[in-house]
Amino acid sequence: MGFARTCSVALVGVEGVVVEVQADLEPGVAAFTLVGLPDKSLVESRDRVRAAVVNSDAEWPQKKLTVGLSPASVPKSGSGFDLAVACAVLGAAERIDPRAIADLVLVGELGLDGRVRPVRGVLPAVLAAAEAGYEQVVVPERTAGEASLVPGVSVLGVRSLRQLIAVLNDEPVPEEEPDGAGRPDAMLAGLMVPGAGVGTGLAAGAGRGEGPWPDLADVAGQHVARTALEVAAAGSHHLLLQGPPGAGKTMLAERLPAVLPPLTRQESLEVTAVHSVAGILPPGEPLVRTPPYCAPHHSATMQSLVGGGQGLARPGAVSLAHRGVLFLDEAPEFSGKALDALRQPLESGHVVVARSAGVVRLPARFLMVLAANPCPCGRHTLHGSGCDCPASLIRRYQARLSGPLLDRVDLRVQVEPVSRADLMGQGARGETSAAVAARVGEARARAADRLDGTPWSVNSEVPGHELRTRWQVAPGALAAAERDMERGLLTARGLDRVLRVAWTIADLAGRARPTAQDVDLALELRTGIARGVPVGIGAER
């Protein structure tokens, strides 16, 4: 026949595009031509595939060989096309039946000895194949668990090209010798980017179920900040913690994921797909079940935060924190360009990155926590601390967090220094993360019941127009907020965000709708101006 075709998947951001791999053999001088907009790593597959086929006891066709990747307009990168190219060539050479591979989707890199090596992005690749109607996929054995997360797809995990040829030809499947015991498994190198987890500030163990999160009961005092943390978790509201060094801002932020509800099945697949493409998905634990926690260093560039890189954009910190927490410690030390780039994902829940190679849409629905000192030395708000920062320097330092960015932050809390009584354990011990998480789960359930049948699931996502017209607060509850808006203390967006926080406080307290007390507490948590209401929820209120 001289012609065969099969399928693979090209990744564009965190979305997959099914690509048809065609192989054509013609009489003539032996040559191997690869067409279809491949990148450098894909062009090199010609040598990898030839060596893998020969070392798998198959004969390489000595004819003019042309391999086409269709559609040709989609940029294709990576080594995940190796397995599909090899099978298409063997089908054209009639070493395997071309009909056996016509409806298969194959993803995997080939070693020179014929072993099938794992690649990143298997989950989004299989999701794209399932959406396109394919029912059978072939992946490296190491990533079969990740591919099996997609329902309705039959997954075959293979260790070598020799095994795949035997399966397709209904021949006895040969056994592959295991790697030497005690040595690092080189087959896992394709799944992990060296240093990626450290560079992004992702929690290595606790965020993936390998260890417990730090407990909220370890935080001494800080009743106002603990209340704000609970409200932020219940309604997915962004949070700003301001205070001197050593007050506990980082401790509070690190304990936020422990009070967030576990991810739903759909959310887990979304997060796992992003982490798989980024190369930070640990082997053996393919499904991320807990909200991720990402804390990039303040020297991070705009591209590392929102996504970028050469060619098609790769996920940045905001995408790695999708459905989780993005913690920006020392927020004023970030560049203004990087901070202002966060405005769009804070509103829309995704990032659109345009490059010459194409436009990529990356998911970025995260809960942002900012931590900031009052001045460069951090002692401006402390009595008798001896702050030497000039007033102009303090103003410039605080102005690094722009007004439009802060307007998108629902909760702004002043974290006071811990007193000696609280630190030495003389005060009452705070609630544990488990107790707070139980209240947060109940509040989320109330919000989900109220928002059933709408595109939103948490209060922070509900548009202000809907809150003002569809779900009414108690009569007269908005009087204080309306006065603040008339005085210029609140913008129209700020009023909507106060309403969202008030609904979250009402959900935590078990009320059917917000009262004047709930709105006053929401105003206090946003403006920092005392309203004469008790700051606390549940056992503390």
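### Considerations on the overall build of the protein chain
Next up, step 1: Check the secondary structure of the protein chain and you find 24 helices and 16 strands.
Next up, step 2: For the protein chain, with 541 residues in total, the buried portion stands at 51%.
Next up, step 3: Once local pairs closer than 6 in sequence are excluded, the contacts in the protein chain between residues at least 24 apart make up 72%.

### Side note on the confidence of the model for the protein chain
One rule of thumb: low pLDDT means the predicted coordinates there are not for detailed reading.
Next up, step 1: On average, residues of the protein chain score 87 in pLDDT, and 89% of them are at 70 or above.
Next up, step 2: Note on residues 203-210: pLDDT is under 50 here. Beyond four places in sequence and across chains, it has 19 contacts.

### A look at the packing of aromatic side chains
Within a pair of aromatic rings, the relevant descriptors are the distance that separates the centres and the angle that separates the planes.
Next up, step 1: By the definition in use, this model includes 2 aromatic pairs.
Next up, step 2: Taken together, a centroid distance of 5.7 Å and an interplanar angle of 40° make the contact between F32 and W60 tilted. With a gap of 28 residues between them, F32 in strand β3 (residues 31-35) and W60 in the loop between α2 (45-54) and β4 (64-70) connect regions that are remote in the sequence.
Next up, step 3: Taking the relative accessible area as the measure of exposure, F32 reaches 9% and is therefore buried.
Next up, step 4: By relative accessible area, W60 is classed as buried at 10%.
Next up, step 5: Between Y293 and F327, the ring centres sit 6.4 Å apart and the planes meet at 25°, which makes this aromatic pair stacked. Taken together, the positions of Y293 in strand β11 (residues 293-294) and F327 in strand β12 (residues 325-328) put the pair 34 residues apart, joining distant regions of the chain. For the pair Y293 and F327, one class covers both residues: buried.

### So, the packing of helix α20 (residues 433-450) against helix α23 (residues 492-509)
Next up, step 1: It is at 8 Å that the axes of α20 and α23 come closest, and there the two elements cross at 115°. In this structure, the crossing between α20 and α23 has a hand that is right-handed. Seen from α20, the contacting residues are R439, V440, A443, R446, A447 and R450; seen from α23, they are W503, D507 and L508.
Next up, step 2: Classifying every residue of the contact of α20 with α23 gives 5 nonpolar, no polar and 4 charged.

### Remarks on the nonpolar core
Next up, step 1: Membership of the largest hydrophobic core comes to 78 residues, with the highest contact counts inside it found for V67, L328 and M368.
Next up, step 2: Ignoring sequence-local partners within four residues, the contact set of M368 consists of H238, L239, L326, L328, L342, L346, L405 and V409.
Next up, step 3: By size, the runner-up hydrophobic cluster in this structure holds 56 residues, among which are L216, L239, L256 and L490.

### A few points about a nonpolar patch on the surface
Next up, step 1: Residues L156, V167 and V173 make up a contiguous nonpolar surface patch of roughly 190 Å² in combined accessible area.
Next up, step 2: Checked against the element boundaries, V167 lands in helix α7 (residues 161-168).

### Brief notes about the sheet that holds strand β15 (residues 367-372)
Next up, step 1: An order of β11-β12-β15-β10-β16 is seen for the 5 strands of this open sheet, with the pairing classed as parallel. At either end of the open sheet lies a strand with only one pairing partner, and these are β11 and β16 (411-414).
Next up, step 2: Summarising the sheet, β11 and β12 pair through 2 bridges and their orientation is parallel. Of the residues in β12, the one forming a bridge with Y293 is V325.
Next up, step 3: With respect to the sheet, helix α9 (residues 223-235) is in contact with β10 (239-242), β15 and β16, its orientation differing from that of β16 by roughly 165°.

### Some points on the environment of G336
Next up, step 1: Structurally, the position occupied by G336 is in helix α15 (residues 336-340).
Next up, step 2: Sequence-wise, G336 and S402 are 66 residues apart; in three dimensions their C-alpha atoms are separated by 8.0 Å.

### Some points on the pairing of strand β2 (residues 15-26)
Next up, step 1: Pairing of strand β1 (residues 3-12) with β2, which is carried by 10 bridges, proceeds in the antiparallel orientation. What sits directly across from C7, in β2, is E20.
Next up, step 2: Hairpin connection of β1 to β2: 2 residues between the antiparallel strands, including G13 at a positive phi of 70°.
Next up, step 3: Across 7 bridges, β2 lies against β4 in antiparallel orientation. Residue pairing across strands places V21 opposite L69, the latter belonging to β4.

### Here we look at unusual backbone geometry
Next up, step 1: The linkage connecting S70 with the following residue, P71, adopts the cis geometry, with an omega of 10°.
Next up, step 2: Within the secondary structure, P71 is located in the loop between β4 and α3 (82-92).
Next up, step 3: Here the phi dihedral of S236 falls at roughly 55°; this positive angle occurs in a residue that is not glycine.
Next up, step 4: Secondary-structure assignment places S236 in the loop between α9 and β10.

### Things to note about the side chain of Q163
Next up, step 1: Residue placement: Q163 occurs in helix α7.
Next up, step 2: Those residues in contact with Q163, other than ones at most four positions away along the chain, are V158, V173, P174 and E176.

### Here's the deal with the pattern of salt bridges
Next up, step 1: Per the counting criterion, the structure on display carries 27 salt bridges.
Next up, step 2: Notably, a salt bridge pairs R50 with D47, separated by 3.4 Å at the nearest N-O pair. Residue R50 and its partner D47 are located together in helix α2, separated by 3 residues, close to a single helical turn.
Next up, step 3: Looking at R50, the relative accessible area reads 31%, which means it is partly exposed.
Next up, step 4: The shortest N-O distance in the salt bridge between R99 and D97 comes to 3.3 Å.
Next up, step 5: Note on R99: relative accessible area 70%, which makes it exposed.

Parameters at a glance
- Residues numbered from 1 in each chain as written.
- Predicted model: local features only at pLDDT ≥ 70, side-chain atom pairs only at ≥ 80, totals over all residues.
- Heavy atoms only, no water.
- Helix = DSSP H or I, 4+ residues; strand = E, 2+ residues; numbered from the N terminus.
- Buried < 20%, exposed > 50% of the residue type's maximum accessible area, 1.4 Å probe, protein only.
- Contact = heavy atoms within 4.5 Å.
- pLDDT = per-residue confidence, 0-100.
- Phe/Tyr/Trp six-rings, centres within 6.5 Å; stacked < 30°, edge-to-face > 60°.
- Axes fitted to C-alpha atoms, helices over the stretch in contact; angles between N-to-C directions.
- Left-handed = near helix turned anticlockwise from the far one by under 90°.
- Nonpolar A, V, L, I, M, F, W, Y, C, P; charged D, E, K, R; others polar.
- Core = buried A, V, L, I, M, F, W, Y, C linked by side-chain atoms within 4.5 Å.
- Patch = residues over 30% accessible without salt bridge, like charges linked within 9 Å, V, L, I, M, F, W, Y side chains within 5 Å.
- Areas by Shrake-Rupley, 256 points an atom, 1.4 Å probe, with all protein chains shown as cover.
- Salt bridge = Lys/Arg side-chain N within 4 Å of Asp/Glu carboxyl O.
- Pairing = 2+ DSSP bridges.

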